[in-house]
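# Examination of the molecular architecture
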Amino acid sequence: QVQLVESGGGLVQAGGSLRLSCSGSGFIFSIYAMAWYRQAPGNERELVARTTSGGSTNYADSVKGRFTISRDNAKNTVFLQMNSLEPEDTGVYYCNAKFRQEYWGQGTRVTVSS
């Protein structure tokens, strides 16, 4: 069974940092593009950061310079290091894996207080 399990969310003050992790199993992790999406109440789910199987990365304009996505294929894990957090970063963060099929984690909640 394919699984993506996120962890690391929580409550943090503006300006603080969090590190999210997503552990995958049941698929060949290394060939999948891995991404983080987020969704706030009333908002569309949006792409935050993505890393391809070749290791390239891209980011939403709103998080460039503050967030870093990385992956450890040996551990089947993708990370999202979030620095200089802002209240606008609040939402549920979802891990996504995509190759020919697409898989989603259950989400982890991030709340940034002002």
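Source: prediction; values computed, not measured.

### Here we look at the sheet that holds strand 8 (residues 77-82)
- Here four strands make up an open sheet; going across it, the order is 1-3-8-7 and the pairing antiparallel. Each end of this open sheet is capped by a strand with a single partner; those strands are strand 1 (3-7) and strand 7 (67-72). Taking each pair of neighbouring strands and ignoring which way they run, the sheet shows an average axis angle of 15°.
- As paired strands, strand 3 (residues 18-25) and strand 8 are joined by six bridges and run antiparallel to one another. In the sheet register, cysteine 22 faces strand 8, and the bridge partner there is valine 78.

### A word on the environment of tryptophan 104
- Position of tryptophan 104 among the secondary structure elements: in strand 10 (residues 102-104).
- Classification of tryptophan 104 as partly exposed rests on a relative accessible area of 34%.
- Along the backbone, tryptophan 104 and lysine 75 are 29 residues apart, and their C-alpha atoms lie at a distance of 18 Å.
- Tryptophan 104 has contacts with Leu4, Tyr37, Arg45, Tyr94, Cys95 and Asn96, leaving out every residue within four places of it along the chain.

### Remarks on the packing of aromatic side chains
- Summed over all chains, the structure comprises six aromatic pairs.
- Between phenylalanine 27 and tyrosine 32, the ring centres sit 4.8 Å apart and the planes meet at 70°, which makes this aromatic pair edge-to-face. The pair phenylalanine 27 / tyrosine 32 is uniform in exposure class, with both members buried.
- Centre to centre, the rings of tyrosine 32 and phenylalanine 99 are 5.6 Å apart; their planes meet at 50°, and the pair counts as tilted. On the criterion of sequence distance, the pair formed by tyrosine 32 in the loop between strand 3 and strand 4 (33-39) and phenylalanine 99 in the loop between strand 9 (91-98) and strand 10 is long-range, its members being 67 residues apart.
- Ring pairs connect the aromatic residues Phe27, Phe29, Tyr32, Phe99 and Tyr103, which therefore count as one cluster.
- Stacked on the ring of phenylalanine 79, the Lys or Arg arginine 19 has its end atom at 4.1 Å from the ring centre.
- Between arginine 45 and the ring centre of tryptophan 104, over which it is positioned, the NZ or CZ distance is 4.7 Å.

What counts as what
Residues numbered from 1 in each chain as written. Predicted model: local features only at pLDDT ≥ 70, side-chain atom pairs only at ≥ 80, totals over all residues. Heavy atoms only, no water. Pairing = 2+ DSSP bridges. Helix = DSSP H or I, 4+ residues; strand = E, 2+ residues; numbered from the N terminus. Axes fitted to C-alpha atoms, helices over the stretch in contact; angles between N-to-C directions. Buried < 20%, exposed > 50% of the residue type's maximum accessible area, 1.4 Å probe, protein only. Contact = heavy atoms within 4.5 Å. Phe/Tyr/Trp six-rings, centres within 6.5 Å; stacked < 30°, edge-to-face > 60°. Lys NZ or Arg CZ within 6 Å of the ring centre and 35° of its normal.

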